[in-house]
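# Examination of the molecular architecture
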Amino acid sequence: MEAGIVGLPNVGKSTLFNALTLSKAAESANYPFCTIEPNEGVVTIPDGRLQQICQYIVPQRVIPAVMKLVDIAGIVKGASEGQGLGNKFLSHIRQVDAILQVVRCFEDDDVVHVEGKVDPLSDIFVIETELMFADVESIIGAIPRAQKAARAGDKEAKERLAVLEKCQQWIETEERPLRECDLTENERFSVASFGFLTLKPILYVANVSENDLAGQHPLVERVREHARAANSGVVAVCAKLESEIAELDPADRDEMLSAVGLAEPALAVLAREAYKTLGLQSYFTAGEKEVRAWPIPAGATAPQAAGVIHSDFERGFIRAEVYSVNDLMELKSEKAIKEAGRMRVEGKAYVMQDGDVCHFLVNS
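### Some thoughts on the overall build of the protein chain
Counting its regular elements, the protein chain contains 14 helices and 12 strands. Residue burial in the protein chain is summarised as follows: out of 364 residues, 49% are buried. Here the contacts in the protein chain between residues at least 6 apart in sequence split such that 67% fall between residues at least 24 apart. A total of about 17,700 Å² of accessible surface is found on the protein chain, and carbon and sulfur atoms cover 49% of it.

What follows is the structure in structure tokens.
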């Protein structure tokens, strides 16, 4: 599962990417299009439950869940018609599963804004408009093929055609992204292969100044109001400060966080929210060799969760022994959990819950 960082040029995307991935893979500069090809990195998901488990099950190593992050070059007005570096960047967005849209919510005369003024809602409108234009272009190209197949009696094509027409009407009349359209799960599935850009879940990242780490500036509140209306999330991050914190040794990092009044890096909050935006949750395996968090889609069954460890585990799944981190915190050991009758035995139909700790029994 991949999340793509998008936004106008010069809003802090590459700085944020480098901080999140603890790298300098993405060039960060005060001019548009310093990023051309997308940069890719892996982000660990901070999860305090790992440390809670390790209090009672001491492993040789601890492995957090991870997700893939893609830094995509800046999009400008007219991108869907080839402006800036145009459709090349839109195609990069089509490959990701969720969008992290960075919007600038700070004033700084030394940092050029491509639109000439700092207005996060205008930035959001520019990006959404270009993505909607690109989706309409895709829909218009797909409808004749669906019509031809429908006339030949293809039932799935008839259903797909109806959804395509519904999507086109929504964008052209409502002028709103497809994620806000009332599509059923079956309708979403029928057009999933098109990779519509505005159907992807989105998380807004408000890039704030060092004097507004809590994100209380009116510009940030305007982003929050927009996100609430769109049923999306917002995280306030000072990309400049976070990139400085990320480069420090752990001890110095804690000292700097304390100095600026933060309990943890804002990047930790962002990583967890991006994880949720991708529709992911974690379960754990725990033993003397390792304690590990495994990412799975919300709603995954026990066999599907086992398959994340190895595909053979899904095919050979017999049952799972399951307890919660809270059970471990309360009873202190797996032995005590079993004696208290809190170690559950679950079968193939079990839907995994966030924070389950599992042992799988499979056919070898």
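### A few points about empty space enclosed by the protein
A full pass over the atoms with the stated rule returns 1 cavity of 30 Å³ or more. Each pocket or cavity is described by its volume, and for the largest cavity that value is around 30 Å³.

### Some words on the packing of helix α8 (residues 239-246) against helix α9 (residues 250-260)
Interaxial distance between α8 and α9 falls to 9 Å at its minimum, and their mutual angle equals 150°. Classified by the interaxial angle, the pair formed by α8 and α9 is roughly antiparallel. Of α9, the residues touching α8 (which contributes L241, E244, I245 and A246) are R253, M256, L257 and V260. Grouping the amino acids of the contact of α8 with α9 by side-chain chemistry returns 6 nonpolar, no polar and 2 charged.

### Digging into helix α7 (residues 218-229)
Given a rise of 1.5 Å per residue, 12 residues ought to cover 16 Å, and the 17 Å separating the end C-alpha atoms of α7 matches this to within 8%. Close packing links the buried residues of α7 with β5 (98-104), α4 (120-151), β6 (202-207) and β7 (233-237). Note on α7: the residue one or two positions beyond its end, N231, has a positive phi of about 60°.

### So, the pairing of strand β10 (residues 317-324)
Pairing geometry for β10 and strand β12 (residues 356-362), over 7 bridges, is antiparallel. Looking at the pairing, V322 lines up with C358 of β12. Pairing geometry for β10 and strand β11 (residues 344-346), over 3 bridges, is antiparallel. The residue bridging E321 from the neighbouring strand is V345, located in β11.

### A closer look at the side chain of T285
Among the structural elements, T285 can be located in strand β8 (residues 280-286). A polar atom in the side chain of T285 sits 2.9 Å from the side chain of W294. The residues touching T285, leaving out its near neighbours within four places in the chain, are E290, V291, R292, W294, I309 and C358.

### With respect to α4
In this model, α4 (32 residues) spans 46 Å end to end at C-alpha, consistent with the 46 Å of a helix rising 1.5 Å per residue. Taken as a whole, α4 carries its principal kink of about 25° at A142; the proline P144 stands between one and four residues after it. Within two residues after α4, G153 carries a phi angle of roughly 95°, on the positive side.

### Description of the environment of Q95
If you trace the backbone, Q95 turns up in the loop between α3 (87-94) and β5. Residue Q95 is classed as exposed on the basis of its relative accessible area, which comes to 57%. Q95 sits 102 residues away from L197 along the chain, and the two C-alpha atoms are 9.2 Å apart.

### Considerations on unusual backbone geometry
The backbone phi angle of N231 is positive, close to 60°, even though this residue is not glycine. A positive phi angle, close to 80°, is found at K332, a residue other than glycine. Positionally, K332 belongs in the loop between α13 (325-331) and α14 (334-339). Residue K332 is classed as partly exposed on the basis of its relative accessible area of 43%.

### A few points about the pattern of salt bridges
Summed over all chains, the structure comprises 22 salt bridges. For the salt bridge of E290 with R292, the shortest nitrogen-to-oxygen distance reads 3.9 Å. A salt bridge links R342 to D327, with the shortest nitrogen-to-oxygen separation between them at 3.0 Å. With R342 in the loop between α14 and β11 and D327 in helix α13, this pair connects stretches of sequence that are 15 residues apart.

### Brief notes about the sheet that holds β7
Read across the open sheet, the 6 strands follow the order β2-β4-β1-β5-β6-β7; overall the sheet is mixed. Strands at the two margins of the open sheet, each flanked by one partner only, are β2 (39-44) and β7. Adjacent strand axes in the sheet meet at a mean angle of 25°, parallel and antiparallel pairs treated alike. Of the pairings in the sheet, the one linking β5 to β6 comprises 6 bridges and is parallel in character. Bridging from a neighbouring strand, I99 pairs with I202 of β6. On top of the sheet, α7 reaches β5, β6 and β7; it is set at about 160° to β7, its chief contact.

### Remarks on the pairing of β2
Look at any regular strand and the pattern is simple: side chains alternate between the two faces of the sheet. Here β2 shows one buried face, formed by N39, G41 and V43, and one open face, formed by E40, V42 and T44. Taken together, the 6 bridges between β2 and strand β4 (residues 66-71) define a ladder with antiparallel strand orientation. Looking at the pairing, G41 lines up with L69 of β4.

Rules and cut-offs
Residues numbered from 1 in each chain as written. Predicted model: local features only at pLDDT ≥ 70, side-chain atom pairs only at ≥ 80, totals over all residues. Heavy atoms only, no water. Helix = DSSP H or I, 4+ residues; strand = E, 2+ residues; numbered from the N terminus. Buried < 20%, exposed > 50% of the residue type's maximum accessible area, 1.4 Å probe, protein only. Contact = heavy atoms within 4.5 Å. Areas by Shrake-Rupley, 256 points an atom, 1.4 Å probe, with all protein chains shown as cover. 1 Å grid on protein atoms, 1.4 Å probe; cavity = no way out; pocket = protein on both sides within 12 Å on 5 of 7 lines; lining within 4 Å. Points joined across faces, edges and corners; volume = space filled by probe spheres on them. Axes fitted to C-alpha atoms, helices over the stretch in contact; angles between N-to-C directions. Parallel < 35°, antiparallel > 145°, perpendicular 65-115°, else oblique. Nonpolar A, V, L, I, M, F, W, Y, C, P; charged D, E, K, R; others polar. Expected span 1.5 Å × (residues − 1). Pairing = 2+ DSSP bridges. Polar contact = N/O pair within 3.5 Å; in protein donor to acceptor, adjacent residues only side chain to side chain. Bend = angle between axes of the 7 residues up to and from the residue. Salt bridge = Lys/Arg side-chain N within 4 Å of Asp/Glu carboxyl O.

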